[in-house]
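# What the coordinates show
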Amino acid sequence: MDDIGSFEVRWIQGFTNKNIEFVDDKTVCYACGSHLCFLNLETQTQSVLHSPGRGVGALTVNANNGMFAFSEQKLSPAIFVYVFPEFQLKCELKGTAQLDYTSLTLSDGGPYLGSFSALPDHTITVWNWETAEPICTQPQAGRDVISLVFNPLNWLQLCALGSRSLTVWNIEKSASVHVLKPSVIELPATDGSSVERSVASSHTVSDKSPYFGPEMPPSAISGIKGDKAETIVTKLCAKARLTPTAICWTATSELYVGCAEGFLLLVEPESLSVSVLFNPTNAIPELRRIHFQGLTLHKNGLMALGKGNVMHCLQIKQTQINITQTWQLNGPVTAVMNSPDHKTLLLSSNTGQIYTLNPNRSDEIVKVLDVLSGNFVAAALSRTDRKICVSVRDSGELQLWSTDGVCLGSLSLQTEVRSLACCPIAQYAAVGTASGNVLFIDLNREQQPRLVHQVHLYHAPVDHLVFDQEGHYLLTGASDSHIYVLDAKPSKKFSVIGYTVVPGPVLSLSTQCIRDCEQVKVLALCTGQEGKNHDGSLLTMLSLPASDLTDCVDRHGCLSPHVLKVSRYKVPHPLQSCVLGVSKVFAYCHKKKTLQRFQLPQDTDSSQPVVQLRPEQEVRGHPLGPASLVLSPHQLWLTSAGRDGLLRIRETASMERYIELQCHSCRGGGVRSVSFSADSQTLLTAGFNDGSLVCADLRIKGVDAGKVNKATQYSQSMDHLLKNIFSTENPVLVDWPEWGQGSPAATEKSEESEVSVEAESVDVTEQDESYNSLLSAPPSHPTWLESRREAVLKEENEQYSETKKNLRKTVKELRDTIQEMMRENDNLPDIERLEQREFNLDVEEQRRLEAMVEQEVVRVRNEIEWENLAKCYLRDVLKRECWDTMKVKGRTVKAFHSEHEVKNYPLKEQTEKEVEDLRRVQKMRKLEEAACTQSNLKKGSNTIIAKEEEPGKEGHEAESSAVTGSFSAELGYSNPYVYNQFSLQTAEQRINQIILLQDVIYRAKTAFNADFEAVHRQKVQELNRVRERNRHIRAIMLELDMNEELWEPSLTNSEQPERLLTVDDSEIKAERFLTPEQKKEEERKKLEQQRRLAAKGDNFMDRALGDMMDGVLEVKREDILKMEIPPPEFVLTKPGIHWTEEEKKVYKEYEKKSKDLSLEKEKYKKSLECEMKNMQASTKEATQRFDETLRKLFERKVTCEMAIYQEELKITYLVYSVQIDEEMRNREMELKHKLEKTTAHKDKIGEEVKRHEEEVELFQENYDSTVAEDRVLDKEFRKEFFDVPSHLVDQLYRLFKRRPRAQKIRAQSDNNSNPLKEQRLCGSLAPDALGKMLKAMEELDAPQNMPEGLNPSIWEKFCFVRKTKVESEHKVKVKALTLAEMQAFLQRRREEEKTAQQEIKNISDELESLHKEKNRFLTDIMVQVLLKQGQVEVSTTDLTPDYTDSVLLHRSVVEDLNSSIRTIGEQKIASMVERKDFCKGIIQLQWEHKKMGMQIEDLNNKARDIQMVRLSEEQQDYLNKTDRESSMSKQASILKKNRAFQEKTHLQSVQHRIKKIEQLNRQAAKKAERTAIVEQRLPDMQVTVAERRHIYEATASEENQAAETEERYQEIVQRKRLEDLARTQADELADLWAEVQRLRMSSFPSLDQLKHT
């Protein structure tokens, strides 16, 4: 390839927002794509270094010695080390990195380079780039390292900045051995407080709940195993810390660390101490805005960048921070750095600006580079002015560049850009935007390009813009299959000539101007179908005449077929890009990764619509595609650029050979666009995502150099051809005003907008005609085609306005007529009324609308069906998981007369594993019990067992409940194989116990569910009985003509949950949708029903029976209420006074029958009412009995819940104990693994210590020999000058010991402002120390320092001996330093060995302590004891009682004590009763004595009263008379006389009564006559009375109801008062009874006193 020619990069522009570094005092370096750019800050000149590898990754610079290094971007990348300014490659470093290097750093203290590789190894490597070998490596050094920085004062310290961590790596050195040792900096918490590093202990025991076992560390609890277990758990449990963002080494080898939270920290790497210098929470307002995005150390202080456009100079004294100076920046700055001479500050931003600041000279910030940032969309070289090129970015920034790469000017288009093209006949560029606009930019003013015109062509992005070679047309392409042809001449106002439509979106567009036939051929690569935008196999060739095409379009702007010749070609494989040559097509096939050349046929058959093409030549393409193709202006060179970043140019005649340039990185997406210059000698490429623009010159060698001459000649000929056109068109362009300031195009746009507004403002009367056009109205920003169509529509409206007006009038009349007919049709009968659709005149429109509606209905129906299908699937999943898998479904039973309800236990079917585990545990328990029984039989005898059985029978039940810890056994739910709580020693037994207890719970739930199902069935039966009674009651109410609402309970959804899975028709409120098949079925059923009714016919016998006897042949008792006796006919026709005797008899019989019927009705009504009340009472009684049954079931449920909770509590304790056992086992394994690891580490350190001890011993011997040799030189000095006088020897010896001063050895620097100027030698002498010493000794060796009288030859010998002595001393010093270094290294290894030994001891102690705790935990078993109320005598003042100092006693001990107390109490009560009886006898005798005294007093009083009584005369006569018979006879005669008188009087009264009876009989006859008259009027009066009775009952019922309500209210109030009174009296009685008890007990001796006595 090199024998053809090569590329030479002229310049490169772009900014990738990576680090920018100083390479010397005046030059900065930054990465740009696959190149490194070096910018001189004074001269603004740029030099470029092309990466020898694939792209540029991490970059680092050491400005002190001009070294810079960078990594490439590929698999197994290398690191290249160069020297500036020679750009000489020093070395290429090949490490173990597999993917990429994320950070590089060069040391100031020697030829050392640090690197950090990314996934998967995360390795820090320190290289010696002089030898190209790594000196130390540390894999797995962290996952988030983003920056590495050497300590400028000590290359043995390296700081690694991570996204969340900060680590200082110390390089420990011993001779040629180097080891990396990390020191992790513990950053403060986000609030600035220090976080103590947690030390994982083996276990801790809590004082609050010791029975819960030891507390294990998080690593044991989580169960994470391996080396990273503790690290992972620590990260998960750690407190949030500060996020470091910037670091800076100080002059004292400390670190300033800036944090994203606004903190500034000072880190001491030796002691790992961290101090907070600045806390934003309590700082002054000026400092709160500092977020320390960038830090650098300057002689004036610490330079700090914040989030705002501000930079501060901070003066730090201890913990005090003061702002000494502040600079306001022009834009956001993200990085700041010092120049090597520490005079200039460099500021860079991520938007592409670089600023410089010299604080010593002025505060002015100078912008040295402004190339902006962002990805380039396209770039093109100007065809008219060869000194400039144009580029656009995706943000809409258009920039002009000179041939040297200097940005001349820019214009922000404020829109997203997709394509770019430069015009060959005028100084302007066309830009395609994402919104579908084409912008025309005037480039005549290079510093101020301006927008002069724009046209809206698409509603999609403009992906392709291309001018033909002679500048006749501008063609556009997009994804909507339209290709627009625009006039490229400014004099024609860039008017749109027309458009054509191609099959599918346009993927590629190219042109070819043929002068001979004056045609412009356009080749478009199309997909052939919509929605396919990646590749296509259809080529469309458009042939346009080079003359004016203004009159060659139709009214809508479409190019006429007789002018536009279209040819279509089909290729065998899909293409991604193609370009049109002279009768040839060059294309790239990504599927085959080949470049193809097709020969176009000269004559095409018009009958064949698509011509098949076969590739004429096919060569290998790019390794990584797809690729784009560009043809040179003279049509002899073909350029391809792919996603691999390679630019290849080859001849069109033979495409095998090519010239290649890696101009962009494949990781950045490769090359996005390529453009040739007019002379085909220069190419301009834009990267896809690397933000770089590369300009390269083509250098052709040898024989092919003639092609260059052809390109030059073609360029000159085109210049000569287009010169006149350019001189005509470019002045027109210059005179154009800027867009929006009165330009013709703007006026045209305003006219178009007026047209669109007029088109939109249609009169209301024209709504019918313009309705369709308004529906398809364009959006607010119409395209050119939409505006053209609107203009055509407006022209048609104006041309045919009169005709449309007449038609509109006719249509209006027709509409009024039809509407009148429709109104008349609405008033016609149903049989004469027409359907609505029959008035529709536009049947085709109706069909179209119906089809549209049907299509929408189908779409909506499909959506609903899919939605319903998804819901059905979800329903099926939920039903299968939550319903079908349940063996017992969850349901409730509710009470009839309350809100009380009882739920059952939903249960799943036991899985095979659960059943198998239960069976296995039961078999194991059988074996264990059999073995235990056999061992007991061997140990004990039957007699002993018999003796022990007797006293144990009483407390057996109590012991069983205490041992099991629940009363599930008392309820019959126990499993006979359950372990004793006191025998659970191992984890396996506890797991088996859990399985058995789960079976107990399952049995309890199953037993309760059986009872629940019985109660549920009882309720269903009771509901059926209630419904049956209500049916009879409704029948009775119907007979009684009553309308009362009956109480009829039913099952709720919770009682019958399966109803939730089905939907009744009554639940659906919407109208049911019937399919056509269902509608046909419904109609068929209706017709069948009608036929069956018609076949039945009119049966006159049934009708007569129904009319006469209500359809029955006999009258039942139930129908007695319906019976009515008809009155005789004469009652209605004749008055009563005209009735005959026969008629009167008939009427009397009628009255008698009516009266009997009324009595019968009343009796039947009463019987029905009694039956109804009985049934209602039985319903209430039955439901109340069920409620009582449900209450008992609830009590059983509570008892069952208690038993289940007790078993679950035991399971919880067992699970917790198993978990603690597992945690202790994990901790034990962790400690053992840690012990093994530490032991191995200790052994390894021990071997290293032994090896280094041997090395130190050997080196010590070597050092001792060197010191001895040096001392020999000192001793042999006088022997060397034995022939010299002694006084001269003494002078020479003094000169022999003399050495130059340190100031002379030290290099004199002129006012060095480096704040890090005191650099240490890091444990060894500087490499040029001996040279400096010898150079300083040359002044002492001068002849003027020679003593007087000394021979010059002896002086020369003396100088040689002294030089040898100096070299020996230097050698001793070097070896002494090396020995000290080795001894220090050995001492550190010994300390590490001691630390490892101590760690082994600590781990062993922890392991032993863990074993003790584990054994204690296994023996100290937690048991659950079930105690009744009163059996716990521990105070429960706290929420959780503490039983640590409690004693668990056997129940028999307590019962024996209670029995003795009970016996003593009975004896005491007996003595108290005896005393009470004796006292009672004394009181009784006293009472009898008192009673007798009172009787004596009463008798005395009676005697005194008898003596004082007074009698009347009659009483005295009666008492004094003695002849009482004579008095009796007198009284008898008087009584006889009285009797005779009374009999006489009685006879007189009888006669009087007889007369009165006769008079009453006469009056009765008269009354009978009047009664007959009234009876004739009785029917009418009965009707009137019945009406009045109904009225009275209606009015009286309301009054009675109100009275009853008031009466009921008064009863309730009275009852409430009585209840309150009874409650008050009950309380008083209770108080009195308590007082009585207290008084009674006060007279009895206390049991406590008896106990103490």
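Quantities reported herein were computed from a predicted structural model and do not represent experimental measurements.

### Topic: the overall build of the protein
Counting secondary structure elements, the protein contains 26 helices and 61 strands. Taking all 1653 residues of the protein together, the buried fraction comes to 37%. Long-range pairs, those at least 24 residues apart, make up 56% of the contacts in the protein with a sequence separation of at least 6. Accessible surface computed for the protein: about 99,700 Å², of which carbon and sulfur atoms make up 53%.

### Focus: the pattern of salt bridges
Tallying each qualifying case throughout the model produces 65 salt bridges. Note that Arg-925 and Glu-929 form a salt bridge whose closest N and O atoms lie 3.6 Å from each other. In this pair, Arg-925 and Glu-929 both sit in helix H10 (residues 912-939), four residues apart, roughly one turn of the helix. You can call Glu-929 partly exposed: its relative accessible area is 31%.

### A word on the packing of helix H17 (residues 1141-1275) against helix H22 (residues 1352-1419)
As a packed pair, H17 and H22 sit with axes 6 Å apart at the nearest point and diverge in direction by 160 degrees. The pairing of H17 with H22 is recorded here as roughly antiparallel in orientation. By crossing handedness, the relation of H17 to H22 is classed as left-handed. Each residue belonging to the contact of H17 with H22 can be placed in one class, and the counts come to 24 nonpolar, 16 polar and 22 charged.

### Focus: the environment of Ile-1137
Inspection of the secondary structure assignment puts Ile-1137 in the loop between helix H16 (1129-1133) and H17. For the pair formed by Ile-1137 and Ala-1572, sequence separation is 435 residues and the distance between their alpha carbons is 7.7 Å. Among residues more than four places away in sequence, those in contact with Ile-1137 are Ile-1573 and Gln-1576.

### Re the packing of aromatic side chains
In the structure shown here, the tally under the stated rule is 25 aromatic pairs. Aromatic pair Tyr-428 and Phe-440: ring centres 5.9 Å apart, planes at 55 degrees, arrangement tilted. One end of the pair, Tyr-428, is in strand S35 (residues 428-433); the other, Phe-440, is in strand S36 (residues 437-442), with 12 residues separating them in the sequence. Taken together, Phe-38, Phe-68, Phe-70, Phe-80, Tyr-82, Phe-84 and Phe-87 form an aromatic cluster joined through their ring pairs. The lysine or arginine in question, Lys-1019, covers the ring of Phe-896, its NZ or CZ lying 5.2 Å from the ring centre.

### Observations concerning the sheet that holds strand S55 (residues 671-676)
Strands sit in the order S1-S57-S56-S55 across an open sheet of four strands; the sheet is antiparallel. In this open sheet, the two edge strands, each paired with only one partner strand, are strand S1 (5-14) and S55. Across the sheet, the mean angle from the axis of one strand to that of its neighbour is 25 degrees, orientation sign disregarded. Where S1 lies against strand S57 (residues 692-700), nine bridges are found, and the strand directions are antiparallel. The partner of Glu-8 across the bridge, within S57, is Asp-697.

### With respect to the sheet that holds strand S42 (residues 506-514)
The strand order S42-S43-S44-S45-S49 describes an open sheet built from five strands, whose pairing is mixed. Each having just a single partner strand, S42 and strand S49 (610-612) make up the two edges of the open sheet. The mean angle between the axes of side-by-side strands here comes to 25 degrees, regardless of whether they run parallel or antiparallel. Alignment of strand S43 (residues 519-526) against strand S44 (residues 536-545), held across eight bridges, turns out to be antiparallel. Looking at the pairing, Gln-519 lines up with Pro-545 of S44.

### So, the environment of Tyr-905
By the element assignment, Tyr-905 lies in the loop between strand S60 (901-903) and strand S61 (907-908). Sequence spacing of Tyr-905 and Thr-1006 is 101 residues, and the spatial spacing of their C-alpha atoms is 7.9 Å. The residues touching Tyr-905, leaving out its near neighbours within four places in the chain, are Val-888, Lys-1005, Phe-1008, Asn-1009, Lys-1197, Cys-1200, Glu-1201 and Ile-1204.

### Some words on a nonpolar patch on the surface
On the surface, Phe-982, Val-1425, Leu-1427 and Leu-1448 cluster together into a nonpolar patch covering about 360 Å² of accessible area. Here Val-1425 is to be found in the loop between H22 and helix H23 (1451-1507). Of the residues examined, Val-1425 reaches a relative accessible area of 32% and is grouped as partly exposed.

### Some thoughts on the side chain of Thr-1183
Tracing the backbone shows Thr-1183 in helix H17. In this structure the side chain of Thr-1183 is engaged in a polar contact, spanning 2.9 Å, whose partner is the backbone oxygen of Thr-1179. At a separation of 2.8 Å, a polar atom in the side chain of Thr-1183 contacts the main-chain carbonyl oxygen of Lys-1180. In this structure Thr-1183 touches Phe-896, His-897, Val-1026 and Trp-1047, once residues within four positions along its chain are discounted.

Reading the values: the criteria
- Residues numbered from 1 in each chain as written.
- Predicted model: local features only at pLDDT ≥ 70, side-chain atom pairs only at ≥ 80, totals over all residues.
- Heavy atoms only, no water.
- Helix = DSSP H or I, 4+ residues; strand = E, 2+ residues; numbered from the N terminus.
- Buried < 20%, exposed > 50% of the residue type's maximum accessible area, 1.4 Å probe, protein only.
- Contact = heavy atoms within 4.5 Å.
- Areas by Shrake-Rupley, 256 points an atom, 1.4 Å probe, with all protein chains shown as cover.
- Salt bridge = Lys/Arg side-chain N within 4 Å of Asp/Glu carboxyl O.
- Axes fitted to C-alpha atoms, helices over the stretch in contact; angles between N-to-C directions.
- Parallel < 35°, antiparallel > 145°, perpendicular 65-115°, else oblique.
- Left-handed = near helix turned anticlockwise from the far one by under 90°.
- Nonpolar A, V, L, I, M, F, W, Y, C, P; charged D, E, K, R; others polar.
- Phe/Tyr/Trp six-rings, centres within 6.5 Å; stacked < 30°, edge-to-face > 60°.
- Lys NZ or Arg CZ within 6 Å of the ring centre and 35° of its normal.
- Pairing = 2+ DSSP bridges.
- Patch = residues over 30% accessible without salt bridge, like charges linked within 9 Å, V, L, I, M, F, W, Y side chains within 5 Å.
- Polar contact = N/O pair within 3.5 Å; in protein donor to acceptor, adjacent residues only side chain to side chain.

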